[in-house]
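# Breakdown of the fold
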Amino acid sequence: MTLKVVECEQGEWAIVQVSGEMDLVTSPSVRQHVHDAVAEGRRSLVLDLSGVRFCDSSGVGVLIAARRLMRSCQGRLRLILPARGAEDGSHVNRVLAALGVRRLFEVYPDVASAVDETTSPLSA
């Protein structure tokens, strides 16, 4: 399976929807989309990973690098992972938790809650 990335906007938020597999071959594409959003002046970014079925260490590296980049430009990064994690097929949630980096990210169950300033992120 390959990677599919779709970009859209909702208010001040740039939303990057990722589906498929985030691995050594496909992860650079996600990194490029994040860099492009920042280059375009976007400082509020949502990575919708609810459609990602596989994520290896290179994918996790891209997520950590994206967090670092957004923080360096006083931006915000939010991830969308299904509320029930691996039960919903979110391999990413399980991998982030296993590596002990899940707590580094603000995670939401869907786009609506991620772009709503009054909604709190899911607990790690």
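Residues numbered from 1 in each chain as written. Predicted model: local features only at pLDDT ≥ 70, side-chain atom pairs only at ≥ 80, totals over all residues. Heavy atoms only, no water.

It is worth spelling out the pattern of salt bridges at this point. All chains considered together, the criterion is met by five salt bridges. Here E12 ties to R76 by a salt bridge, and the two come within 3.2 Å at their closest N and O atoms. With a gap of 64 residues between them, E12 in the loop between β1 (4-10) and β2 (13-22) and R76 in strand β4 (residues 76-80) connect regions that are remote in the sequence. The partly exposed category is assigned to E12, whose relative accessible area is 49%. For R76, a relative accessible area of 26% translates into the label partly exposed. Linking R78 and E106 is a salt bridge whose minimum nitrogen-to-oxygen distance equals 3.1 Å. Of this pair, R78 sits in strand β4 while E106 is found in strand β5 (residues 106-108), placing the two residues 28 residues apart along the sequence. The exposure class assigned to R78 is buried, which follows from its relative accessible area of 7%. Residue classification places E106 among the partly exposed positions, given a relative accessible area of 35%. (Salt bridge = Lys/Arg side-chain N within 4 Å of Asp/Glu carboxyl O. Helix = DSSP H or I, 4+ residues; strand = E, 2+ residues; numbered from the N terminus. Buried < 20%, exposed > 50% of the residue type's maximum accessible area, 1.4 Å probe, protein only.)

Next up on the list: the nonpolar core. Judged by nonpolar contacts, the single largest core of 30 residues is most densely connected at M22, L49, L63, L79 and L96. At the level of secondary structure, the elements contributing two or more residues to this core comprise β2, α1 (27-39), β3 (44-55), α2 (57-72), β4 and α3 (91-98). When neighbours within four sequence positions are excluded, L49 is seen to be in contact with V18, M22, L63, L79, I80, L81 and V92. Core analysis: the second largest hydrophobic core is formed by eight residues, I15, I80, A114 and V115 among them. (Core = buried A, V, L, I, M, F, W, Y, C linked by side-chain atoms within 4.5 Å. Contact = heavy atoms within 4.5 Å.)

Here we come to the confidence of the model for the protein. The predicted model of the protein has a mean per-residue pLDDT of 88, with 91% of residues at 70 or higher. Of all helices and strands in the protein, the one with the weakest mean pLDDT is β1 (83), whereas α2 scores best (96). (pLDDT = per-residue confidence, 0-100.)

Now for α3. Regarding α3, the residues found buried are H91, V92, N93, V95 and L96. Here the buried face of α3 lies against β3, α2 and β4. Just downstream of α3 lies G100, where phi reads positive at about 75°.

Further remarks concern the sheet that holds β3. The mixed open sheet is built from five strands, whose spatial order is β1-β2-β3-β4-β5. Looking at the sheet topology across the chains shown, the edges are occupied by β1 and β5. Averaged over all pairs of adjacent strands, the angle between their axes in this sheet comes to 25°, without regard to strand direction. Taken together, the seven bridges between β1 and β2 define a ladder with antiparallel strand orientation. Bridging from a neighbouring strand, E9 pairs with A14 of β2. (Pairing = 2+ DSSP bridges. Axes fitted to C-alpha atoms, helices over the stretch in contact; angles between N-to-C directions.)

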